[in-house]
Each structure stands twice: as structure tokens, then as C-alpha cells.
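The chain contents come next:
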Amino acid sequence: MFADRVLPAEPITSLSDYERRGGGAAIGRLADAGPDAVLDELERSGLRGRGGAGFPTATKWRSVLAGGAEAGERYAVANGAEGEPGTYKDRPLLHRNPYQVIEGLVVAARVIGAQEAYVAMKASFAPQIAAVERAVDEMSAAGWLDGLRIYVVKGPDEYLFGEEKGLLEVIEGEDPLPRLFPPYLYGLFAEQPQFGWSAPTAGSDASGPASNPTLVNNVETLAHAAAIVANGAEWFRELGTDGSPGTIICTVCGDTNRAGFAEIPMGTPLIEAIEHIGGGMPEGRSIKGVLSGVANPVLTADQLSTPLSYEAFDAIGSGLGAAGFMVFDDRRDMVRVAHAVSRFLYVESCGQCPACKFGTGEVTARLEQLIVEGGSPEDLDTIAARLRTVTDANRCYLGRQEQVVVSSLLSAFPADAALALTGVHTDPIAPITQLVEIRDGRAVWDSHQPCKRPDWTYAETIPEIFVRPRRPR
């Protein structure tokens, strides 16, 4: 069931190795056929963004072209600032196949008419940065960039660095505090104000001159785009489903026998991915719930046969996200999982939207109180009320994540919520954190994140809620 369209089994370590695998064909096809033909091919392919939202790639590229020369310069950005909990796909791709990512970025930049492009990664991604810088240098020396300037941007470990508006702030030298308008309306180095944390001069028109529409694509999306331009839409559609063609890099971790990642055809049932990538469950254990990162409603045991496709996940009221799955077994208290998700989003919130910052903080505190002391049904009502307003005036999707994920966990597991009211303590759950790497079937989690405070500083010790000793139910 495994594929290697974008993720080879072994790293490609030189441009000559990449050329032997067919590298460079996408740039050649663009030169022969032109930008319009490339956009049409991408549209026929049905490629959707692999960063989590699943937005049609051709539509996104065309949106950056809209407005003509009056809109200002165009820029292209490869988003490699991976940090969604339970997801480890962009870093293996950047390490093993940086050339295909850069070729996709070159094609995207030329199609939209950009003279500058950026690859944004966390500064802690040292092996990936080295691989990308090597690829850019070799491709530049070989003449593949043809005057396109590509810069590698090394950013902070904050979760919001991966949010496309926060990512543009980092490229411009600011903290990852999401802007008001999306990049296709208001991009890099624009003259008009962005109403970000450090907003420039007055004004509010986001569609006037010098708005500099900017294309931001996940690195996996760009790698697929290069392959599609080189091999054609029909080739891409040989795998996957009609609505979700192609392959996707999937991560499985949590209570499975092992953690892992692999490129698999879209449409593969979730349970097959868990078995083949994660090695299934330990003997005597069953799956209680699965989270696709911290942006989509929880999947329950009766939904494990759902195909990994956008349309199938939509049909069950969830979302595929970046195909990073955290699996929880039948021993897990899902109220504790809800608290861990809420706390992660609370400390990672930027604080620009009061409803988000105070809402996630209040929900986290109320859930912690339930876990430690118990409570009454009115406490659950208070949490529900906070969740209803946490998205008020939000600049990014984080407030919506809090609302969707925490609500789904509490409603899908009412027995756990009822038990929490009694004040009976259960096994402590490891905090929801970002993956540092997956090595030899073992997930290495960010050990510092549990100590993170909502002002993005760090305490010296892990909060007691995560180390409380077990008391039998």
C-alpha cells in the first residue's frame, strides 16, 4: 500500500540523483507549455493542499494571479514550519526529497510571476535546513532557478509559525502573530497596513495597489505539483479517489504498537493506515478515539473504516487535516485528552483575540478543575458557553480548533464526562505536544512544551495535572 511519488525510501542526496529519478521535467514542461497549461493540468489533477485545509491548489494559484499588475509584486512561499501535534510528514519529505519541493516552488513562482520565493522552516529543523540549502545551491548552480531568488527562512518553534499569516510575519522579521487578511489578498512586504501585532501606517483597503498577493503552499503540496506537471493529471489520478486523487504522507502515533509515517494512496481506510503504519494496537487493547491533529472533531471506534479522503471525512463530520493521527486506546480518559488539547491551544494562542486567549484559558482551567476536584453539570454548561464564543473576532483558525475539538471530545464520550464530575482521578495523560521526530518506530515528543506558559515563556517544572499519580476508577 506504500508509495514513493514524493517520499522516497532513501534520501536523494544530489541533483544528479534527482535527475536520474526524472527531476527537472516539471520545469521543462512549464517552459514548453506555459503557465496557463500548467494551471489547467493542476486543475484536472484535482490536487488539494496537503497542509491541512485541503484547498484546491489550482484555485489557490489563480487567486494570487487575480488583480493583475495593479495588485503589486507576487511572492511564493513553501511552508515547512510543521508543528501540528501528531504530524511528522514535512520533515521526512524535506530531508529525503528537497529537490522536488524546490522544483515545485520554482514552477509555482514562475506561474504566478514571482521574482522571489521563500522556504520557511523552524530553526530547530537542522537536517532539513541543510538538505534544502544544498538543493537550492545545486539547482541555482545548474541554472534551474533562472534568476529566481530563493531564501531559506529559519523561524521559531511556536505553533502559529505554521499558520500562513503568522508565517508571513516571520519572513518579514516579526513574531508569528497572525495578520488580519489572508496572503492571497495581502501578502509580503505590502505597502498597506496588515493590522498585525505591529501594524504600520493607517489605512484599511486590502485590495488596492501594492497588496502583493502571496502564494503559500505546504511543502508536500509543492512536491506533488512538480510531479503532476512532469507526469500529467491522469498519472496523478491513477491512485486515490475521484474527489481526493493521488497520495498523501500519513503519520500514525499514540497508543499503537509503533509510531510511523508513510506515503499511501488517498482513500485507504483509516484502520488500514493504523495497522500498516502504526503496527495496530497492543494485545488486549482497542481503539477508543483518534484525533487528526488538533483541528478536527475526534473519530470514534465506529468510524475507523473511513477512507482517507476529504469527502469521506467531511461526510462523518470531521476533517482529514494533514493526515497526522493520534490514536487513544480504551484506557484513556477523553476528558483528560480534551484538557490536553485545550491547554496546548491556550499556551500557543498569540493573544491578539481576547475571545480566543481568555476562552481557551477558561476552558482549560474548568477542565482541570473537573479532573482534580470534580464538579456539577453546570460546570459542563459553563465550558460549553465558553466554547460557543471562543471564535469571536478570530484572526486565525485556533479558536475554531478549540471549539471543534474540545466540544467533540466531551460530546462523543459522555461517560467520561460524567465520571469527571465525580472527581475520580484517572491515569495522567501525556500532554498534547508537537513531535520532534519519529525514530525507529518511536515518537519523540517536545518535552519542553508542557512547561510552556501562555506568554510563550517556560516554567521550570511540568504542571502537576500531567504527573498526578494514578488512583483507580
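Going by the structure above, here's the rest.
Residues numbered from 1 in each chain as written. Predicted model: local features only at pLDDT ≥ 70, side-chain atom pairs only at ≥ 80, totals over all residues. Heavy atoms only, no water.

## Focus: the layout of surface pockets
In this structure, the second largest pocket spans a volume of roughly 510 Å³. Surrounding the second largest pocket, 25 residues form its lining, Tyr 88, Arg 91, Leu 435, Val 436 and Glu 437 being those nearest its centre. When residues of the lining of the second largest pocket are traced back to their parent elements, those giving at least two are α5 (90–96), α7 (126–141) and β10 (435–439). Residue contributions to the lining of the second largest pocket peak at 5 residues, all from β10. Counted by class, the lining of the second largest pocket contains 10 nonpolar, 7 polar and 8 charged residues. (1 Å grid on protein atoms, 1.4 Å probe; cavity = no way out; pocket = protein on both sides within 12 Å on 5 of 7 lines; lining within 4 Å. Points joined across faces, edges and corners; volume = space filled by probe spheres on them. Helix = DSSP H or I, 4+ residues; strand = E, 2+ residues; numbered from the N terminus. Nonpolar A, V, L, I, M, F, W, Y, C, P; charged D, E, K, R; others polar.)

## Some words on helix α15 (residues 377–389)
For α15, spanning 13 residues, the distance from its first C-alpha to its last is 19 Å, which sits close to the expected 18 Å at 1.5 Å a residue. Every buried residue of α15 is listed here: Asp 379, Ile 383 and Leu 387. The arc enclosing the buried residues of α15, seen along the axis, measures out at 80°, which places them on a common side. The exposed set on the far side of α15, more than 90 degrees from its buried face, consists of Glu 378 and Arg 388. (Expected span 1.5 Å × (residues − 1). Buried < 20%, exposed > 50% of the residue type's maximum accessible area, 1.4 Å probe, protein only. Arc of directions from axis to C-beta.)

## Topic: empty space enclosed by the protein
If you walk through the whole model with that rule in mind, you get 3 cavities of 30 Å³ or more. The volume enclosed by the largest cavity comes to roughly 80 Å³.

## A few points about the pattern of salt bridges
For the coordinates displayed, the defined rule picks out 25 salt bridges. Across the pair Lys 60 and Glu 164 runs a salt bridge, and its minimum N-O distance is 3.6 Å. Taken together, the positions of Lys 60 in helix α4 (residues 57–65) and Glu 164 in helix α8 (residues 164–171) put the pair 104 residues apart, joining distant regions of the chain. By sharing partners, the salt bridges in this structure join Arg 50, Lys 89, Asp 90 and Glu 220 into a single network. (Salt bridge = Lys/Arg side-chain N within 4 Å of Asp/Glu carboxyl O.)

## With respect to the pairing of strand β11 (residues 442–445)
With 4 bridges joining them, β10 and β11 adopt antiparallel strand pairing. Bridge pairing in β11 places Glu 437 opposite Val 444. In sequence, β10 turns back onto β11 through a hairpin of 2 residues, with Asp 440 there showing a positive phi of about 55°. (Pairing = 2+ DSSP bridges.)

## Thoughts on the environment of Ala 315
Positionally, Ala 315 belongs in helix α12 (residues 310–315). Assessed through its relative accessible area of 65%, Ala 315 is described here as exposed. It is 37 Å that separates the C-alpha atoms of Ala 315 and Ala 117, two residues lying 198 residues apart in sequence.

## Examining the nonpolar core
If you look at the biggest cluster of nonpolar residues, it comprises 53 residues, and the most contacted ones within it are Trp 61, Ile 102, Val 107 and Ile 150. Here the element with the most residues in this core is helix α6 (residues 98–112); it accounts for 10 residues. Non-local contacts of Val 107, meaning those with residues more than four positions away in its chain, are made with Ala 26, Ile 27, Leu 30, Val 38, Trp 61 and Val 229. Listed in part, the 46 residues of the second largest apolar core include Tyr 88, Val 406, Ala 420 and Leu 435. (Core = buried A, V, L, I, M, F, W, Y, C linked by side-chain atoms within 4.5 Å. Contact = heavy atoms within 4.5 Å.)

## Description of the side chain of Ser 408
Its location among the elements puts Ser 408 in helix α16 (residues 398–412). Discounting residues that sit within four places of it in the chain, Ser 408 has contacts with Pro 297 and Val 298.

## A few points about the pairing of strand β6 (residues 260–265)
A large share of β6 lies buried, amounting to 5 of its 6 residues. Bridge count between strand β5 (residues 247–254) and β6: 6 bridges; the pairing is antiparallel. Looking at β6, one finds that Ile 248 is bridged to Ile 264. Hairpin connection from β5 to β6: 5 residues lie between these consecutive antiparallel strands.

## Brief notes about the packing of helix α13 (residues 334–348) against α16
Following both chains from N to C, one finds α13 and α16 inclined at 170°, their axes separated by 9 Å at the closest point. Looking at the two axes, α13 sits roughly antiparallel to α16. Together, Met 334, Val 335, Val 337, Ala 338, Val 341, Ser 342, Leu 345 and Glu 348 of α13 and Leu 398, Gln 401, Glu 402, Val 405, Val 406, Leu 409 and Leu 410 of α16 make up the contact between the two elements. Looking at the contact of α13 with α16 residue by residue, the class counts come to 11 nonpolar, 2 polar and 2 charged. (Axes fitted to C-alpha atoms, helices over the stretch in contact; angles between N-to-C directions. Parallel < 35°, antiparallel > 145°, perpendicular 65-115°, else oblique.)

## A few points about the environment of Pro 85
In this structure, Pro 85 sits in the loop between β1 (75–80) and α5. Given a relative accessible area of 0%, Pro 85 falls into the buried group. Residues Pro 85 and Ala 226, 141 residues apart in the sequence, show an inter-C-alpha distance of 27 Å. Residues contacting Pro 85, with those up to four places away along its chain left out, are Tyr 159, Gly 293, Val 294, Met 326, Phe 344, Ile 432, Thr 433 and Gln 434.

Nothing here speaks to function; it is geometry throughout.
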